[in-house]
Amino acid sequence: MHVTSPDEAREQATGEDWRRRQRLDAIFGDTFPETTSDEREPQRPDQESAGDAWLRAQVPPHHG
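None of the values given here were measured: they were computed from a predicted structure.

About the criteria used
- Residues numbered from 1 in each chain as written.
- Predicted model: local features only at pLDDT ≥ 70, side-chain atom pairs only at ≥ 80, totals over all residues.
- Heavy atoms only, no water.
- Helix = DSSP H or I, 4+ residues; strand = E, 2+ residues; numbered from the N terminus.
- Areas by Shrake-Rupley, 256 points an atom, 1.4 Å probe, with all protein chains shown as cover.
- Patch = residues over 30% accessible without salt bridge, like charges linked within 9 Å, V, L, I, M, F, W, Y side chains within 5 Å.
- Salt bridge = Lys/Arg side-chain N within 4 Å of Asp/Glu carboxyl O.
- Buried < 20%, exposed > 50% of the residue type's maximum accessible area, 1.4 Å probe, protein only.
- Lys, Arg positive; Asp, Glu negative; His and termini not counted.
- Charge placed at Lys NZ, Arg CZ, Asp CG, Glu CD.

Novice: Please explain the overall build of the protein chain as it appears in this structure.
Specialist: Tallying secondary structure elements over the protein chain gives 2 helices and 0 strands in all. As presented, the protein chain carries roughly 6,500 Å² of accessible surface, and 54% of it is formed by carbon and sulfur atoms.

Novice: Explain a nonpolar patch on the surface here, please?
Specialist: Taken together, the side chains of Leu24, Ile27 and Phe28 define a hydrophobic patch exposed on the protein surface, amounting to about 340 Å² of accessible area. Here Phe28 lies in helix α1 (residues 6-28).

Novice: Hey, could you run me through the environment of Gln43 in this one?
Specialist: For Gln43, the position within the fold is in the loop between α1 and α2 (50-57). Residue class for Gln43 comes out partly exposed when judged on its relative accessible area of 46%.

Novice: Explanation requested: a positive patch on the surface in the structure shown.
Specialist: Together, Arg19, Arg20, Arg21 and Arg23 give the surface a local cluster of positive charge. Mapping Arg19 onto the fold places it in helix α1. Assessed through its relative accessible area of 45%, Arg19 is described here as partly exposed.

Structure representation (structure tokens):
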């Protein structure tokens, strides 16, 4: 009978957690940006974001 040491148990749990995160990332993707807003250059007020431009392009013609 093999008794698992606390270090071995921690390594095994870490491996299981890592595999679980890998599966979740494969399904849902990376939900967090690589940089935070304070690490990026500030956006000029007259500059439209890509998300805003896409939303504006999706508006049907009858909604003017």
